[in-house]
Amino acid sequence: MSQSDDIEESSAPLIEHLTELRTRLIHSVLYFLGGMIICFTVAQPIFNFLTAPLCSVLADRGQDCDLIFISPQEGFFVAIKVSLLGGFMLAFPFIANQMWRFVAPGLYRSEKGAFLPFLIASPFMFFLGASFAFFVVTPLAYDFFLGFQQFAGESEAVDGVQNAAPLSVVFQGSAQEYLNLTVKFIVAFGLCFQLPVLLTLMGKAGLVGAVGLRAVRKYAVVGILVLAALVTPPDVITQGILFVVVYGLYEISIQLVARVERKREAKLRAEGLWFDDEDEMTGDDMHPEEMPDPDDKDPAQ
């Protein structure tokens, strides 16, 4: 067989994998576009639902829940952004199924059993983080922001202006700016809630350990503080909430990784493949009859 034949045979499986990947990507894009179209038809009710935290805070202050368009095309782009977010969330289970169907044939039975729970836990944790952001963090943030309004009955007239009425500075928000900020909250917390899933999966693969995660705890604190400053608006309340939540998830991740390590150790002990450091003996400590025969080879080799 010539060298060119070897190259053709080795490249055939790669072509098959690329073809399969293309098929799964096309299906995922179609699911996403379908979800976008569905959400675009009901974009207004979805946007009305997303305004609930703001309207609740304004109602507590005795104000009307009014948002404005500052450009003619803003309403259209608001509907598009709502469709993008809703379409992705609606299509994610189908996209995850396509990912699983592409990866699963190359996994052993034990690897499938280890990977599948994480594939299920990932969207669950994202929705949990998004719900926490929408129902807890967002109302607190808007209550803080709207506390800087200035009403005419509570303020004084502008100095140097004769017969001027008291200054009034009230909220008249842009629909697009409100949506951008709300989506930022939802996506940021949804991604941060993936931390236990990511670290536990890395622990399952042996890439990180509980001892190592504890050793870098102080660096993790600094990293979380930087993350909180980058993904949240510049207010101490929201940043503090994100820091507390993400650091709590980091500590939970350490416990989950430790549990994975204990289960791995128990399995290896049951198979007789685990040896403690104090149980390991060097050649000098062995009795002559216990010395291994140099002609014997490890079956695993």
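Placed above this text is the structure.
Once a new chain begins, its residue numbering starts again from 1 and follows that chain's sequence as written. Only residues with pLDDT of at least 70 get local features here, since the model is predicted, and only at 80 or more are side-chain atom pairs given and counted; chain-wide, interface and lining totals rely on the full set of residues. Processing note: side-chain calculations cover all non-hydrogen atoms of the structure and skip hydrogens and water entirely.

Undergrad: Before we move on, can you summarise the overall build of the protein with the specific residues and values?
TA: A tally of helices and strands in the protein yields ten helices and two strands. Counting helices and strands in the order they occur from the N terminus, the protein gives α-α-α-β-α-α-β-α-α-α-α-α. Residue burial in the protein is summarised as follows: out of 301 residues, 28% are buried. Residue contacts follow a heavy-atom distance rule, with two residues in contact if any of their heavy atoms lie within 4.5 Å. Across the protein, the fraction of contacts at a sequence separation of at least 24, relative to all contacts at a separation of at least 6, is 76%. In this description, accessible areas are obtained by the Shrake-Rupley approach with a 1.4 Å probe, and a residue is regarded as covered only by the protein chains that are shown. Accessible area for the protein stands at about 19600 Å²; split by element, carbon and sulfur atoms hold 64% of it. Only DSSP runs of H or I reaching four residues or more are called helices, and only runs of E reaching two or more are called strands; each is numbered from the N terminus. Accessible area is worked out with a 1.4 Å probe on protein chains only. A residue is then buried under 20% of its type maximum, exposed over 50%, and partly exposed in between.

Undergrad: Now, about a nonpolar patch on the surface: what can you tell me, with residues and values included?
TA: Judged by side-chain polarity, Leu 14, Ile 15, Leu 18, Leu 21 and Leu 25 come together as a nonpolar surface patch covering roughly 450 Å² of accessible area. For Ile 15, the position within the fold is in helix α1 (residues 3-41). For Ile 15, a relative accessible area of 49% corresponds to the partly exposed category. Patches were defined on residues exceeding 30% relative accessible area and lacking a salt bridge, with like-charge contacts within 9 Å and nonpolar side-chain contacts (Val, Leu, Ile, Met, Phe, Trp, Tyr) within 5 Å. The rule for a salt bridge is simple: a side-chain nitrogen of Lys or Arg has to be within 4 Å of a carboxyl oxygen of Asp or Glu.

Undergrad: Describe the state of the cysteines, naming the residues involved and giving the relevant values.
TA: Cysteine sulfurs are considered disulfide-paired once they come within 2.5 Å of each other. Counting across every chain of the model gives one disulfide. Two residues share a disulfide in this structure: Cys 55 and Cys 65, whose sulfurs sit 1.9 Å from each other. Residues Cys 55 and Cys 65 share a disulfide whose torsion about the S-S bond is about -65 degrees; that sign makes it left-handed. With Cys 55 in helix α3 (residues 52-60) and Cys 65 in the loop between α3 and β1 (67-68), this pair connects stretches of sequence that are ten residues apart.

Undergrad: Provide a residue-level description of the pattern of salt bridges, including the pertinent values.
TA: Scanning all chains against the criterion turns up three salt bridges. Between Glu 20 and Arg 24 there is a salt bridge, with the nearest N and O atoms lying 2.8 Å from each other. In this pair, Glu 20 and Arg 24 both sit in helix α1, four residues apart, roughly one turn of the helix. Overall, the relative accessible area of 28% leaves Glu 20 in the partly exposed class.

Undergrad: Describe the nonpolar core, and please don't skip the residues or the numbers.
TA: If you look at the biggest cluster of nonpolar residues, it comprises 19 residues, and the most contacted ones within it are Val 137, Phe 185, Phe 189, Phe 193, Leu 242, Val 245 and Val 246. Setting aside chain neighbours within four positions, we find Phe 193 in contact with Met 125, Leu 128, Gly 129, Phe 132, Val 245 and Leu 249. Buried Ala, Val, Leu, Ile, Met, Phe, Trp, Tyr and Cys residues that are joined via side-chain atoms within 4.5 Å together make up what is termed a nonpolar core. Core analysis: the second largest hydrophobic core is formed by 17 residues, Val 57, Leu 58, Ala 130 and Tyr 178 among them.

Undergrad: Run through the packing of aromatic side chains, naming residues and quoting values.
TA: Pairing of aromatic rings covers Phe, Tyr and the six-membered ring of Trp, with a centre-to-centre limit of 6.5 Å; geometry is then stacked below 30 degrees between planes, edge-to-face above 60, and tilted otherwise. For the structure shown, the criterion picks out 13 aromatic pairs. Following the ring pairs from residue to residue traces out a cluster consisting of Tyr 142, Phe 144, Phe 145, Phe 148 and Tyr 178.

Taken by themselves, the reported measurements are silent on function.
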